[in-house]
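Take a look at the letters that make up each chain.
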Amino acid sequence: MRFVRYADDSVIYVRSKRAAERVMQSVSHYITGKLRLKVNLDKSAVSHPWWRPYLGFSFTSRRDNPRIRIHSTSIKRMKARVRQLTSRSGGRSLEQVIDQLNQYLKGWWNYFGKADVAAGFKSINYWIIRRLRSIVWKQWKNYRTRVRELKKRGIPHLKAILNGCSRKGPWRMSKVKWVAYALPRAHFISLGLFLPGPPSV
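Described below are features of the structure shown in this document. All of these numbers come straight from a predicted model, not from anything done at the bench.

All right, on to the overall build of the chain then. Looking only at helices and strands, the chain has 9 helices and 2 strands in total. Each helix and strand of the chain, ordered N terminal to C terminal, gives the series α-β-β-α-α-α-α-α-α-α-α. By the compact-globule yardstick of 17 Å for 201 residues, the chain is too spread out, its C-alpha radius of gyration being 24 Å. Oriented by its inertia axes, the alpha-carbon framework of the chain measures out at about 75 × 50 × 30 Å. Within the span of the chain, comprising 201 residues, buried residues form 34% of the whole.

Given below as structure tokens:
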């Protein structure tokens, strides 16, 4: 009978760099010699805990009160996935986009919401809203529809014409004040959008 053994990632915290180098050497020797497993040297390193991600998390750099935070690589991966889900191509309705987005964001936050520090989510959520606004702006297609929809949402006649006839692309228009007034965060929340982060963001 044959057995295949696997070892997942592990992190060992010690007080000094010298101790870390000594522990890494002895642990690597034990893993390769005693357990007969392979150590991935490309992923193994002696480093500060706030620099190295572990299962998507890391620590803040405060030595007196370190806290668990979401590592920047996890944020980058999340934003890359959101870009895919909020692509302006594909012919999906806004409701379909929000439904697919919610499935991902709820699962992502269910895991990463355990972090002590959730800084930066105001800007992330603002960015998500802009992604959705740009989808709506593209779906409105021509200037007549855009002017009509802006006026329907309370934008003054002249402002609706000036913005509805703009040649700026959907992403740039998603930041324009009058478009933001017409398609506020509350509009997307009313359609069921879930935004990650603490309730206050």
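Continuing now.
A separate point is the packing of helix α2 (residues 72-85) against helix α4 (residues 121-139). Orientation of α2 relative to α4, taken along the N-to-C sense of each, is 15 degrees, at an axis distance of 11 Å. Classified by the angle between their axes, α2 and α4 sit roughly parallel to one another. Seen along the crossing, α2 lies across α4 with a hand that is right-handed. Seen from α2, the contacting residues are Ile75, Met78, Lys79, Val82 and Arg83; seen from α4, they are Phe121, Ile124, Trp127, Ile128 and Arg131. The residue makeup of the contact of α2 with α4, split by class, is 7 nonpolar, no polar and 3 charged.

With respect to the helices and strands, the residue Arg185 is situated in helix α9 (residues 185-190). Along the backbone, Arg185 and Val27 are 158 residues apart, and their C-alpha atoms lie at a distance of 51 Å. For Arg185, the residues in contact, after removing those within four places along its chain, are Asn125, Ile129, Arg133, Leu195 and Val201.

In this section: the pattern of salt bridges. A complete count under the given rule lists 2 salt bridges for this structure. Glu149 is the salt-bridge partner of Lys152, the closest N and O atoms lying 3.4 Å from each other. One end of the pair is Lys152 and the other is Glu149, both in helix α5 (residues 143-152) and 3 residues apart, which spans about a single turn. Here Arg153 makes a salt bridge to Glu149, at a shortest N to O gap of 2.4 Å. Relative accessible area serves as the criterion here: at 31%, Arg153 is assigned to the partly exposed category. A residue is classified by how much of its surface remains accessible, and Glu149, at 10% relative accessible area, is buried.

As a further point, take the packing of aromatic side chains. Tallied over the entire structure, the rule returns 10 aromatic pairs. Taking 5.8 Å as the distance between ring centres and 55 degrees as the angle between the ring planes, the aromatic pair formed by Trp137 and Trp140 counts as tilted. By relative accessible area, Trp137 is classed as buried at 0%. Both rings, one in Trp178 and one in Tyr181, keep their centres 5.4 Å apart while their planes meet at 90 degrees; by these two values the pair is edge-to-face.

With phi around 55 degrees, Leu55 is a residue other than glycine that occupies positive phi space. Here Leu55 shows up in the loop between α1 (17-33) and β1 (57-59). If you check the backbone angles, Lys141 has positive phi at about 65 degrees while not being a glycine. Structurally, Lys141 can be placed in the loop between α4 and α5.

Conventions we followed
- Residues numbered from 1 in each chain as written.
- Predicted model: local features only at pLDDT ≥ 70, side-chain atom pairs only at ≥ 80, totals over all residues.
- Heavy atoms only, no water.
- Helix = DSSP H or I, 4+ residues; strand = E, 2+ residues; numbered from the N terminus.
- Rg over C-alpha atoms; globule rule 2.2 N^0.38 Å.
- Buried < 20%, exposed > 50% of the residue type's maximum accessible area, 1.4 Å probe, protein only.
- Axes fitted to C-alpha atoms, helices over the stretch in contact; angles between N-to-C directions.
- Parallel < 35°, antiparallel > 145°, perpendicular 65-115°, else oblique.
- Left-handed = near helix turned anticlockwise from the far one by under 90°.
- Contact = heavy atoms within 4.5 Å.
- Nonpolar A, V, L, I, M, F, W, Y, C, P; charged D, E, K, R; others polar.
- Salt bridge = Lys/Arg side-chain N within 4 Å of Asp/Glu carboxyl O.
- Phe/Tyr/Trp six-rings, centres within 6.5 Å; stacked < 30°, edge-to-face > 60°.

Taken by themselves, the reported measurements are silent on function.
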